[in-house]
Amino acid sequence: MDRDKILLTPGPLTTTLRTKLAMLRDWGSWDSDFNEVTARVRRSLLKVVHAEASHVVVPLQGSGTFSVEAAVATLVPRDGHVLVLDNGAYCKRAARLTTLMGRKCTVLEFGEATQVSAAALDEKLAADRTVTHVVLIHCETGAGVWNPLEAVAEVCARRDKGLIVDAMSSFGALPIDARETRFDALIAASGKCLEGVPGMGFVIVRKQVLQGCAGRSQSLAMDLHDQYVYMERTGQWRFTPPTHVVVALAEAIAQFEAEGGQPSRLARYTSNYQTLIHGMSRLGFMPFLDPAIQAPIIVTFHAPGDPRYEFKAFYSAARQCGFILYPGKLTQLETFRVGCIGAIGPTEMEQAVQAVALALENMGIASGEPAI
Ligand SMILES: *Cc1c(COP(=O)(O)O)cnc(C)c1O
């Protein structure tokens, strides 16, 4: 059937027809109409986290990881020392890119099923005074944990450490207020909770910090200071912009604002999440995380204990019904993930649960109950 499947994945995700239609035109990178769209998108992004007075937005071509890499390269001096608060796969990725760029990197480990701890961070910073920057993943998309941004930011502010926040899967959905929570850089992307299409990231950088960042990046493409200076001077992107992605994001942001902004988006995702959890528990499935630390963004479920279960077949069966699931990303346990984000509501979530029920039936599995 020639109909898009519903993506229950944390980006790319399901977008509205209006967002898709915005991509049916060609734009010149020098053209003032396109430059006006870029400027409008940058202004709107600042408003989402109330950072108009304190920060600037620097967009960057590429997927979200490109922007994380650029933020670390641009903000951290070459002799700086980064402490990564690690409770999952995206934290490990941030540590890896930091090391690859030649910055000293220390990892403070927490389990995949727990939040990072601001108290443990405080202790670590007291014990090692050489740390200059802390990296936090706001929502660890690996398992789905909602990390305590405000408490971590308070410790960093008190100890005068730079804070770099990967808010990729939380921006636009979970509350973030730059007037109360101090961060040097906060990174997100077009194709996550803003419900645009993938292809560009952006970094919200504290003005005072960015001023001192000239020449820090060892990379030409991953240099946010250079991108910023060029964009301020010309209104244009350095190097070819992802024009279709930018206009789709502008259209997605207009819908985000019309929906009621971040509080409304969080409310919709929360009701998606609740519909999912209730429906899946009816089928016997068990979520991996304690609900107290679970963000309503992506949910990890234990795989069913039935020996007939196999992710690939399960995935195909759900796909037949029009729903795309996501594999698990835990190091030890067999799991799978279901995203609650995208241009979908509780009706689609209810249908997704029915698709899962049918998938189990097709595989001859009576219940989603895990083995443990
Ligand atoms: C999606 C995501 C990223 C970026 O991943 P890409 O594959 O580069 O888009 C980074 N961090 C988190 C927490 C994410 O959810």
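S.K.: Describe the overall build of the chain, and please don't skip the residues or the numbers.
M.R.: If you tally the helices and strands in the chain, you get twelve helices and 14 strands. Here the C-alpha radius of gyration of the chain, 21 Å, is about what a compact globule of 372 residues would show, namely 21 Å. In terms of overall dimensions, the chain has a C-alpha envelope of 60 × 55 × 35 Å along the principal axes. By residue count, 58% of the 372 residues in the chain fall in the buried class. For the chain, the proportion of contacts with a sequence separation of at least 24, taken over those separated by at least 6, is 74%. Per element, the accessible surface of the chain, about 15,600 Å² overall, is 53% carbon and sulfur.

S.K.: Quick one: what's the story with the nonpolar core, residue by residue and with numbers?
M.R.: In terms of nonpolar packing, the biggest core is built from 49 residues, with Leu85, Leu121, Val152, Leu163, Phe171, Phe202 and Ile204 touching the most fellow members. Looking at this core element by element, the count peaks at eight residues for helix 9 (residues 243-259). Residues within four places of isoleucine 204 in sequence aside, it is in contact with Leu45, Leu46, Val49, Ala51, His55, Val56, Val57, Phe171, Phe183, Asp184, Ala185 and Leu186.

S.K.: Can you lay out the environment of isoleucine 341 for me, pointing to particular residues and giving the numbers?
M.R.: Inspection of the secondary structure puts isoleucine 341 in the loop between strand 14 (335-339) and helix 12 (346-362). With 192 residues separating them along the chain, isoleucine 341 and leucine 149 place their C-alpha atoms 20 Å apart.

S.K.: Now, about the pairing of strand 3 (residues 81-86): what can you tell me, with residues and values included?
M.R.: The buried count for strand 3 comes to six of six residues, which makes it a mostly enclosed element. Sheet topology note: the strand 3/strand 4 (residues 104-109) ladder contains six bridges and is parallel. Directly across from aspartate 86, in strand 4, lies its bridge partner glutamate 109. Between the parallel pair strand 3 and strand 4, the chain is carried across by helix 4 (residues 89-100), and the sense of this crossover is right-handed. Pairing analysis gives three bridges linking strand 3 to strand 5 (residues 133-137), with the strands arranged parallel.

S.K.: I'd like a rundown of the site of the ligand, residues and numbers included.
M.R.: Near the ligand, the surroundings consist of Ser63, Gly64, Thr65, Tyr90, Arg93, Ile137, Cys139, Thr141, Asp166, Met168, Ser169 and Lys192. Taking lysine 192, its side chain carries an N or O atom lying 2.8 Å from an oxygen atom of the ligand. For the shell around the ligand, the elements supplying multiple residues, two or more each, are helix 3 (64-75) and helix 4. Residues of the shell around the ligand, tallied by class, amount to four nonpolar, five polar and three charged.

S.K.: Any details on the pattern of salt bridges? Residues and values, ideally.
M.R.: Enumeration over the complete set of coordinates arrives at 18 salt bridges. With its nearest N and O atoms 2.5 Å apart, the salt bridge here joins aspartate 122 to arginine 159. Of this pair, aspartate 122 sits in helix 5 (residues 118-127) while arginine 159 is found in the loop between helix 6 (149-158) and strand 8 (162-166), placing the two residues 37 residues apart along the sequence. Of the charged contacts, one joins glutamate 154 and arginine 158 as a salt bridge, the two residues approaching to 3.0 Å between their closest N and O atoms.

S.K.: An account of the packing of aromatic side chains is needed here, citing residue identities and associated values.
M.R.: Within the structure shown, the criterion is met by nine aromatic pairs. Their ring planes at 35° and their centres at 6.3 Å tell us that phenylalanine 285 and phenylalanine 314 sit as a pair that is tilted. With a gap of 29 residues between them, phenylalanine 285 in the loop between helix 10 (261-282) and strand 11 (298-302) and phenylalanine 314 in helix 11 (residues 311-320) connect regions that are remote in the sequence. Considered together, phenylalanine 285 and phenylalanine 314 belong to a single accessibility category, that of buried residues. Three or more aromatic residues joined by ring pairs make a cluster, and in this case those are Phe285, Phe301, Tyr309, Phe314 and Phe336. The ring of tryptophan 27 has arginine 25 sitting right over it, with the charged end atom 4.8 Å from the ring centre.

S.K.: Mind laying out helix 12, listing which residues take part and the relevant values?
M.R.: For helix 12, which comprises 17 residues, the first-to-last C-alpha distance of 24 Å matches the rise-based estimate of 24 Å (1.5 Å per residue) to within 8%. Within the sequence span of helix 12, burial applies to Met349, Ala352, Val353, Ala355, Val356, Ala359 and Leu360. Buried residues in helix 12, looked at end-on, bunch into an arc of 155°, giving them a common side. Seen from the buried face of helix 12, the exposed residues on the opposite side, beyond 90 degrees, are Thr347, Glu361 and Asn362. Residues of helix 12 that are buried in the fold lie against helix 10, helix 11, strand 12 (323-324) and strand 14. Phi turns positive one or two residues past the end of helix 12, at glycine 364, with a value near 70°.

S.K.: Give me the lowdown on the sheet that holds strand 14, citing residues and values where you can.
M.R.: Spatial strand order, 11-14-13: three strands in an open sheet with antiparallel pairing. Where the open sheet ends on each side, the last strands, each with one partner, are strand 11 and strand 13 (326-327). The sheet contact formed by strand 13 and strand 14 spans two bridges and is antiparallel. Bridging across to strand 14, tyrosine 326 finds its partner in arginine 337.

S.K.: How would you sum up a nonpolar patch on the surface? Please name residues and give values.
M.R.: Taken together, the side chains of Leu17, Leu21 and Leu24 define a hydrophobic patch exposed on the protein surface, amounting to about 350 Å² of accessible area. Among the structural elements, leucine 21 can be located in helix 1 (residues 17-21).

Rules behind the numbers
- Residues numbered from 1 in each chain as written.
- Predicted model: local features only at pLDDT ≥ 70, side-chain atom pairs only at ≥ 80, totals over all residues.
- Heavy atoms only, no water.
- Helix = DSSP H or I, 4+ residues; strand = E, 2+ residues; numbered from the N terminus.
- Rg over C-alpha atoms; globule rule 2.2 N^0.38 Å.
- Buried < 20%, exposed > 50% of the residue type's maximum accessible area, 1.4 Å probe, protein only.
- Contact = heavy atoms within 4.5 Å.
- Areas by Shrake-Rupley, 256 points an atom, 1.4 Å probe, with all protein chains shown as cover.
- Core = buried A, V, L, I, M, F, W, Y, C linked by side-chain atoms within 4.5 Å.
- Pairing = 2+ DSSP bridges.
- Right-handed = clockwise from strand over helix to strand, strands pointing away.
- Near = heavy atom within 4 Å.
- Polar contact = N/O pair within 3.5 Å; in protein donor to acceptor, adjacent residues only side chain to side chain.
- Nonpolar A, V, L, I, M, F, W, Y, C, P; charged D, E, K, R; others polar.
- Salt bridge = Lys/Arg side-chain N within 4 Å of Asp/Glu carboxyl O.
- Phe/Tyr/Trp six-rings, centres within 6.5 Å; stacked < 30°, edge-to-face > 60°.
- Lys NZ or Arg CZ within 6 Å of the ring centre and 35° of its normal.
- Expected span 1.5 Å × (residues − 1).
- Arc of directions from axis to C-beta.
- Patch = residues over 30% accessible without salt bridge, like charges linked within 9 Å, V, L, I, M, F, W, Y side chains within 5 Å.

The analysis is restricted to geometry; functional conclusions fall outside its scope.
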